[in-house]
Amino acid sequence: MPLTLDQLNAAPLSEALQMLDGLYEHSPWIAERALAQRPFASLAQLKHAMTRVLDEAGIEPQLALIRAHPELAGKAMVSKTLTAESTNEQTKAGLTNCTPEEFAHIQQLNADYNARFGFPFILAVRGPRGTGLTKAQIIEAFERRVHGHPDFERAECLRNIHRIAEIRLNDKFGFEPVDGRRVWDWQEKLAQHSDPGYAEKGQLTVTYLTDAHRACAQRISHWMKDCGFDEIEIDAVGNVVGRYHPATEGEGFAAGPPQGETRPLGGQRPAQRRSMGAKYLMTGSHYDTVRNGGKYDGRLGIFVPMACVQKLHAAGRRLPFGIEVVGFAEEEGQRYKATFLGSGALTGHFEPAWLDQKDADGITMREAMQHAGLCIDDIPKLQRDPAQYLGFIEVHIEQGPVLNELNLPLGIVTSINGSVRYVGEVIGVASHAGTTPMNRRRDAAAAVAELILCVEQRAAQDGDSVATVGMLQVPNGSINVVPGSCKFSLDMRAPTNAQRDALAQDVLAKLNEICERRGLRHTLEETMRAAAAPSAPEWQARWEAAATALGVPLHRMTSGAGHDAMKLHEIMPQAMLFVRGENSGISHNPLESSTADDMDLAVKAFDHVLHQLTTEAH
């Protein structure tokens, strides 16, 4: 029989230790020290208590724990001296059934890793979903991490040990993150759609209104229908919008849909079922991606509330308010210079001039929309009336290392940084690389290179500002030609508008100075400016109450990344919840990842906010 928290909390220490035996390899002291903090209100609280014990233990005990773990497919596996838990995990990953070539390769990786770091390679082989990585995924992680920095690898090993302990603890208590796995699976399936040129390489890229983008919209809309949304449509800019209606007058808050009622895609429910006076909670995020990006950026914020609606529908429950989930069609600004197009249309900030922008193939946005069957004339009708909404909340993967390093699954966003973006070109003179003396050159690329270093230094002065030159191109460049032109981008962000503007002013002044000194000219176009968006206090408090109820320590943090919540902030209160990312929280990268357990906590947190709002409505 699975254990229960009540049993663990009530048991004498010796019995409680026996219950938690095997979580950390040959290291019962971690559980023993954590048990001093009983009673535990949730598994999440117990998990965090154990991570804190190890964090506070110091480097030597941490190294001893790492060295207590067996090598993957190593001597202990061959001699069958692994612990029962390790045997189970390595068997599920197929490591007990390696080909001679695979076994030899892993053995060499083990030797190289130990020689470099002095401890074995640790990987939670049951993976982010908890059901197992493939041998190929394990070997790929091994090959990547064998080149890491020693301090990072020690911390990464500990993080993987905590993940191993989490999965083992789930097994002991018979817990499965069902909602988290559902959300995880949706994201994996959606990632099957990718733009040409990337799909063939196994890379994920979904840009505005490509075939892959439209396929994603269709998938999301059909899943919304399966979840029980009452209205689903793909609107005039390609947003996927699902609405789950509130309880009608006199219906009560637990009533379910009438038997046999159908929900046609994009269709309206019968008018008599509508509660015309009730407001809606808006939520969601974007489903487009950067080029060669990750599977969870944006999409997590669509699927977490979808899972909540699915459970409400399955239970026949309605709330005193409606839920509107929006999969925003465009947030990243990859195909066209029109960042936050999807959410901007809802706030009334769609710029008609965008329609004439051309992509890299010369296709205008107007042509792309017409090809996709969108009705451009209907775009102004998408603007939402804030009086009809309670507010906007968004769940998002953190896209950074903070929660990962703190071993925290959730973070409360206090504000979204203000940002400004530019695209520019420095123009010099192309000339022969062999015959043009160094002091006679008008090298456009060298000027941008100097600017990049200045941008890096200036942003670092603030401590919490960031600035990036992420795009760099020498048109028609040749190995033996001094660059006559260099195109570049600028992305600058800061916690307040004033700090952002001071950063931008200094950087642009430096660009002018560099070009003047080198005898060059430049062009610069501002493509996006977004104000800082502090969270509405009452909505931030609801996220905090949800995290506290789950037994997750509160961690408040700003968001360095921009989000659709920034646009909705312009017309209604908003607040965000961050979910921890794996692999040091990396994002905009194929290594972007999160676990089903953390996603499950996000679903529970969202459920809790819905509960709070329902209680407030009584």
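Each chain carries its own residue numbering, running from 1 in the written order of its sequence. Totals for whole chains, interfaces and linings use every residue, but because this is a predicted model, local features are given only for residues with pLDDT of at least 70 and side-chain atom pairs only at 80 or more, for both listing and counting. The basis for the side-chain values is all heavy atoms of the structure; hydrogens and waters are excluded.

Chemist: What should I look at first to understand the overall build of the chain in this one?
Modeler: Strands here mean DSSP runs of E at least two residues long; helices mean DSSP runs of H or I at least four residues long; both are numbered from the N terminus. From N to C terminus, the chain includes 21 helices and 16 strands. As defined in this context, the radius of gyration uses C-alpha atoms, and a globule is described by 2.2 Å times the residue total to the power 0.38. Taken over the C-alpha trace, the chain has a radius of gyration of 27 Å; the compact-globule value for 618 residues is 25 Å, and the two agree within 12%. Across the 618 residues in the chain, those meeting the buried criterion constitute 55%. Whether two residues touch is decided by their heavy atoms; if any such pair falls within 4.5 Å, the residues are in contact. When contacts within the chain are restricted to residue pairs at least 6 apart in sequence, those whose partners lie at least 24 apart make up 77%. Per-residue and other accessible areas were derived by the Shrake-Rupley procedure at a 1.4 Å probe size, with only the shown protein chains allowed to occlude residues. Within the structure as shown, the chain displays about 26000 Å² of accessible surface, and the carbon and sulfur contribution to it stands at 52%. Positive charges come from Lys and Arg, negative ones from Asp and Glu, while His and the chain ends are left out of the count. By convention, the point assigned to a charge is CZ for Arg, NZ for Lys, CD for Glu and CG for Asp. One way to put it: in the chain the 62 positive side-chain charges average out to a point 1 Å from where the 77 negative ones average out. Throughout, exposure labels follow a simple rule: accessible area from a 1.4 Å probe, protein chains only, divided by the maximum for the residue type, with under 20% read as buried, over 50% as exposed, and the rest as partly exposed.

Chemist: Quick question: what am I supposed to make of the pairing of strand β12 (residues 485-494) here?
Modeler: For a regular strand, side-chain orientation follows a simple rule: the groups alternate between the two sheet faces. Burial analysis of β12 places nine of its 10 residues in the buried class, which makes it a mostly covered element. When DSSP finds two or more bridges between a pair of strands, those strands are recorded as paired. With 10 bridges connecting them, strand β7 (residues 418-427) and β12 associate as antiparallel partners. In the sheet register, Val 420 faces β12, and the bridge partner there is Met 492. Alignment of strand β9 (residues 466-468) against β12, held across three bridges, turns out to be antiparallel. Of the residues in β12, the one forming a bridge with Val 466 is Arg 493. One ladder, built from two bridges, connects strand β10 (residues 472-473) with β12; its direction is antiparallel. From the neighbouring strand, Gln 473 faces β12, where its bridge partner is Lys 487.

Chemist: Can you walk me through the pattern of salt bridges in this structure?
Modeler: Two side chains with opposite charge may pair up if their charged atoms get near one another. Salt bridges are defined by distance alone: a side-chain nitrogen of Lys or Arg within 4 Å of a carboxyl oxygen of Asp or Glu. What the rule picks out here adds up to 40 salt bridges. In this structure, the salt-bridge partner of Glu 102 is Lys 135, at a minimum N-O distance of 2.9 Å. Of this pair, Glu 102 sits in helix α8 (residues 100-117) while Lys 135 sits in helix α9 (residues 135-145), and the two are 33 residues apart along the sequence. On the basis of relative accessible area, Lys 135 is assigned to the partly exposed category, the value being 22%. Because the salt bridges share partners, they merge into one network encompassing Glu 450, Lys 510, Glu 513, Arg 517 and Arg 518.

Chemist: Please clarify how α8 should be interpreted in this entry.
Modeler: Think of an α-helix as 3.6 residues a turn; residues three or four steps apart then line up on the same face. Between the first and last residue of a helix there are one fewer steps than residues, each counted as 1.5 Å, and that sum is the expected span. With 18 residues, α8 ought to run about 26 Å at 1.5 Å a step, and its terminal C-alpha atoms sit 26 Å apart, in line with that. As for α8, its buried residues are in contact with α9 and α10 (150-173). Positioned one or two residues after α8, Gly 118 has a phi angle of 80 degrees, which is positive.

Chemist: I'm lost on the nonpolar core in this one. Help?
Modeler: Note that soluble globular proteins tend to have their nonpolar side chains buried in a common cluster. Take the buried residues of types Ala, Val, Leu, Ile, Met, Phe, Trp, Tyr and Cys, join any two whose side-chain atoms come within 4.5 Å, and each joined set is a nonpolar core. With 78 residues, the main nonpolar core has Tyr 208, Met 306, Met 365, Met 369 and Trp 543 as its most contacted residues. Those residues within four positions of Met 369 in sequence are excluded, and the remaining contacts are Tyr 208, Leu 209, Ala 236, Val 237, Phe 350, Leu 355, Leu 374, Ile 376 and Ile 379. Among the nonpolar cores identified, the runner-up in size contains 50 residues, and Met 50, Val 53, Leu 63 and Phe 173 belong to it.

Chemist: What am I meant to see in the packing of helix α13 (residues 300-314) against helix α21 (residues 596-617) here?
Modeler: The description of two packed helices rests on the angle between their axes and on the distance between the axes. Every axis corresponds to a line fitted to the C-alpha atoms, with the helix fit spanning only the stretch in contact, and the corresponding angles, defined between N-to-C directions, vary from 0 to 180 degrees. Where α13 contacts α21, the axes come no closer than 9 Å and their chain directions differ by 60 degrees. Classified by the interaxial angle, the pair formed by α13 and α21 is oblique. In the crossing of α13 with α21, the sense of the turn from one axis to the other is right-handed. From α13, Leu 300, Val 304, Pro 305, Ala 307, Cys 308, Lys 311 and Leu 312 reach across to α21, where they touch Met 599, Ala 602, Val 603, Phe 606, Asp 607 and Leu 610. Each angle is binned into one of four classes, with values under 35 degrees roughly parallel, values over 145 roughly antiparallel, values of 65 to 115 roughly perpendicular, and all other values oblique. Working rule for handedness: look at the near helix, and if it is turned counterclockwise from the far one by less than a right angle, call the crossing left-handed; if clockwise, right-handed.

Chemist: Just checking my understanding: could you explain the side chain of His 286 for this structure?
Modeler: Counting through the fold element by element, His 286 comes out in strand β3 (residues 280-286). Side chain to side chain, His 286 and Asp 288 meet in a polar contact 3.0 Å long. Setting aside anything within four residues of it in sequence, one finds His 286 in contact with Asp 297, Gly 298, Arg 299, Ile 302, Phe 328, Glu 331, Glu 332, His 396 and Asp 564. Any pair of N or O atoms that falls within 3.5 Å is considered a polar contact. Within protein, one atom must be able to donate a hydrogen and the other to accept it, and sequence-neighbouring residues count only if both atoms are side-chain atoms.

Chemist: Before we go on, may I ask you to explain the packing of aromatic side chains in this structure?
Modeler: Any pair of aromatic rings gets described here by the distance separating the centres and the angle formed by the planes. Two rings belonging to Phe, Tyr or Trp (six-membered ring only in the last case) form a pair when the distance between their centres is within 6.5 Å. Interplanar angles under 30 degrees mark stacking, angles over 60 mark edge-to-face geometry, and anything in between is tilted. In total, this model carries 12 aromatic pairs according to the counting rule given. Both rings, one in Tyr 113 and one in Phe 119, keep their centres 6.0 Å apart while their planes meet at 70 degrees; by these two values the pair is edge-to-face. The pair Tyr 113 / Phe 119 is uniform in exposure class, with both members buried. Considering the side-chain rings of Trp 186 and Phe 303, the 5.5 Å spacing of their centres and the 35 degrees angle between planes classify their relative orientation as tilted. One end of the pair, Trp 186, is in helix α11 (residues 178-190); the other, Phe 303, is in helix α13, and 117 residues separate them in sequence. Considered together, Trp 186 and Phe 303 belong to a single accessibility category, that of buried residues. The structure contains a cluster of three or more aromatic residues connected by ring pairs, namely Tyr 113, Phe 117, Phe 119, Phe 121 and Phe 142. The ring of Tyr 280 has Arg 243 lying over it, and the distance from NZ or CZ to the ring centre is 3.8 Å. Ring-over charges, as used throughout, are those where CZ of Arg or NZ of Lys falls within 6 Å of the ring centre and within 35 degrees of the ring normal. One cation-aromatic arrangement involves Arg 542 over Trp 539; the distance from NZ or CZ to the ring centre is 4.3 Å.

Chemist: Can you help me understand the pairing of β3 in this one?
Modeler: Burial of β3 is extensive: seven of the seven residues sit out of reach of the surface. With seven bridges joining them, β3 and strand β4 (residues 322-328) adopt parallel strand pairing. Directly across from Thr 283, in β4, lies its bridge partner Val 325. Between the parallel elements β3 and β4, the chain passes through α13 in a crossover that is right-handed. In the sheet, β3 pairs with strand β5 (residues 389-397) via four bridges, with the strands oriented parallel. If you follow Tyr 280 over to β5, its bridge partner there is Tyr 389. Looking down the strands as they point away from the viewer, one classifies a crossover as right-handed if the path from the first strand across the helix to the second runs clockwise.

Chemist: Can you walk me through the environment of Phe 40 in this structure?
Modeler: Here Phe 40 is to be found in the loop between α3 (29-35) and α4 (43-55). Remark: the alpha-carbon pair of Phe 40 and Gly 551, spanning 511 residues in sequence, is separated by 8.2 Å.

Chemist: What's the story with the packing of α11 against helix α12 (residues 211-227) in this structure? I'm lost.
Modeler: For the pair α11 and α12, interaxial distance at closest approach is 10 Å and the crossing angle is 150 degrees. By the angle between their axes, α11 is roughly antiparallel relative to α12. Judged by the sense of rotation from one axis to the other, the crossing of α11 with α12 is right-handed. Together, Trp 186, Lys 189 and Leu 190 of α11 and Cys 216, Arg 219, Ile 220, Trp 223 and Cys 227 of α12 make up the contact between the two elements. Each residue is assigned to one class: nonpolar for Ala, Val, Leu, Ile, Met, Phe, Trp, Tyr, Cys and Pro, charged for Asp, Glu, Lys and Arg, and polar for all the others, Gly among them. Among the residues forming the contact of α11 with α12, the class breakdown is six nonpolar, no polar and two charged.

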